[in-house]
Every structure is written in structure tokens, then in C-alpha cells.
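A closer look at the structure
Each chain, letter by letter, is given below.
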Amino acid sequence: MSDAGSRPRLKLGGHLLPGLAAVALFAVLAIVFLQASFGEPAGFPEGASITASIGYAMFNVDTDVISETVVSAEGFVVAFVLIAIVLDVAIDGAVFLAKREEDGRIGGVLADGGREIRDTLRGGDD
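Being a predicted model, the structure only gives us computed values, none of them experimental. (Residues numbered from 1 in each chain as written. Predicted model: local features only at pLDDT ≥ 70, side-chain atom pairs only at ≥ 80, totals over all residues. Heavy atoms only, no water.)

**Some remarks on the overall build of the protein chain**
In plain terms, the rule: Under the scheme used here, helices are H or I runs from DSSP no shorter than 4 residues and strands are E runs no shorter than 2 residues, and both carry numbers assigned from the N terminus. Categorising residues by exposure relies on relative accessible area from a 1.4 Å probe, with only protein chains included: less than 20% of the type maximum marks a residue as buried, more than 50% marks it as exposed, and the intermediate range marks it as partly exposed.
Within the protein chain one finds 4 helices and 0 strands. Going from the N terminus to the C terminus, the protein chain shows its helices and strands as α-α-α-α. Relative to its 126 residues, the protein chain shows a buried fraction of 8%.

Okay, here's the thing in C-alpha cells:
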């Protein structure tokens, strides 16, 4: 009895190209990452308040009159605002998907492709 029919066989063809491209991209990124040189970590000054610095930057407070150590936080503000926008969109989407119609059905999602609304607007089934 031969098990030649049950062995896996390599199928050659155009479907191998994406896999080879992924392996090549991994190799390039690995080489770049392994050859990159990173500087010494700098950190922040002793006693610096990052949270206060972000608040001062958001409200454009003159930091010359403040006695505590302030870090340049404009880069932090951009990241902070982008994260706030993404979280706001996520919460709005969750509320939209979770709302209920008058008859108790969950609204906001057209899982039937809009057929029910189309039929209602046209006055019957097609």
C-alpha cells in the first residue's frame, strides 16, 4: 500500500508571489532594523511634569512664569488630539450600533443590504 496520494505536494504558480514578496519585505526590514543605530536614551529632566506640559501647550499658557520644569510638548499634543478623535469616533460608532428602534430591533445596521428599506420605499416586494 502506497501513501503517495496522501503526501502534501508543492503547487507552483502565481499564488506564490505574495508569499515571496512578504518574505522579501521581512528580510529587508530585518536587515534595516538590525543595522540601525539608536542613540542613547535622553529622557526628561528631573522633576518635569509631562501632563502639566501638555496642558500648558494645549491652552497656550506662557511657560516663562511657571516655576516647575516644563518640557516642549507640541508633539505630545498632536498625538493626544489624534487619540482623542479616534476614541470619539469609536464611541460614536458604538452608540450608533447599539441604539434600538421603536419595536425593539437593533437599528443602524443594514444586514439585509437595504432590501427592507427599498421595499418600504417602493411600496412592496419586487
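**Description of the packing of aromatic side chains**
Condition: Two rings belonging to Phe, Tyr or Trp (six-membered ring only in the last case) form a pair when the distance between their centres is within 6.5 Å. Interplanar angles under 30 degrees mark stacking, angles over 60 mark edge-to-face geometry, and anything in between is tilted.
The final tally for this structure, using the stated rule, is 2 aromatic pairs. Taking 6.1 Å as the distance between ring centres and 50 degrees as the angle between the ring planes, the aromatic pair formed by Phe44 and Phe76 counts as tilted. Placement of the pair is Phe44 in the loop between helix 1 (17-35) and helix 2 (50-58) and Phe76 in helix 3 (residues 74-98), with a sequence separation of 32 residues. When its relative accessible area of 32% is taken as the criterion, Phe76 is described as partly exposed.

**Comments concerning helix 2**
Applied cut-off: Two residues qualify as a contact provided that any one of their heavy atoms is within 4.5 Å of a heavy atom in the partner residue. Two N or O atoms form a polar contact when they lie within 3.5 Å of each other; inside protein one atom must be a possible hydrogen donor and the other a possible acceptor, and for residues adjacent in sequence the pair counts only when both atoms belong to side chains.
Among all positions of helix 2, only Ala52, Ser53 and Ile54 are buried. Among the structural elements, helix 3 are those in contact with the buried residues of helix 2. For helix 2, the N-terminal capping position is held by Ser49, with its side-chain oxygen 3.2 Å away from the main-chain nitrogen of Ala52. Phi turns positive, to about 55 degrees, at Asn60, one or two residues after helix 2.

**A short note on a nonpolar patch on the surface**
We count it as follows: A patch consists of residues whose relative accessible area exceeds 30% and which take part in no salt bridge; residues with like charges are grouped when within 9 Å of each other, and nonpolar side chains (Val, Leu, Ile, Met, Phe, Trp, Tyr) when within 5 Å. Values of accessible area rely on a 1.4 Å probe in the Shrake-Rupley scheme; residue burial ignores everything except the protein chains shown. A pairing counts as a salt bridge when a side-chain nitrogen of Lys or Arg comes within 4 Å of a carboxyl oxygen of Asp or Glu.
On the surface, a cluster of nonpolar side chains totalling about 850 Å² of accessible area is made up of Met58, Phe59, Val61, Val78, Phe80, Val81, Leu82, Ile85 and Val89. Of all the elements, helix 3 adds the most residues to the nonpolar patch, at 6 residues. The class of Ile85 is partly exposed, set by a relative accessible area of 47%.

**Quick look at the side chain of Ser53**
Looking at the secondary structure, you find Ser53 in helix 2. Of the residues examined, Ser53 reaches a relative accessible area of 2% and is grouped as buried. Excluding residues that lie within four positions of it along the chain, Ser53 makes contacts with Thr69, Val70, Val71 and Ala73.

**Considerations on the packing of helix 2 against helix 3**
So the rule is basically this: To get an axis, fit a line to the C-alpha atoms, keeping to the stretch in contact for a helix; angles then go from 0 to 180 degrees between the N-to-C directions. Convention used here: angles under 35 degrees read as roughly parallel, angles over 145 as roughly antiparallel, angles from 65 to 115 as roughly perpendicular, and any remaining angle as oblique. When residues are grouped by polarity, Ala, Val, Leu, Ile, Met, Phe, Trp, Tyr, Cys and Pro land in nonpolar, Asp, Glu, Lys and Arg in charged, and all others, Gly among them, in polar.
Look at helix 2 against helix 3: their axes get within 9 Å of each other, and the N-to-C directions meet at 80 degrees. One finds that helix 2 runs roughly perpendicular with respect to helix 3. Counting all contacts with helix 2, which are made through Ile50, Ile54, Ala57 and Met58, the residues of helix 3 involved are Glu74, Phe76, Val77 and Phe80. A per-class count over the contact of helix 2 with helix 3 returns 7 nonpolar, no polar and 1 charged.

**Considering the confidence of the model for the protein chain**
The test is simple: pLDDT runs from 0 to 100 and stands for how confident the predictor is about each residue.
For the protein chain, per-residue confidence averages 80 on the pLDDT scale, and 83% of positions sit at 70 or higher. When pLDDT is averaged over each element of the protein chain, helix 1 comes out on top at 94 and helix 4 (residues 115-122) at the bottom at 77.

**Comments concerning the environment of Gly55**
Note on placement: Gly55 falls in helix 2. Look at Gly55 and you get partly exposed, because its relative accessible area is 23%. Gly55 sits 22 residues away from Val77 along the chain, and the two C-alpha atoms are 8.5 Å apart.

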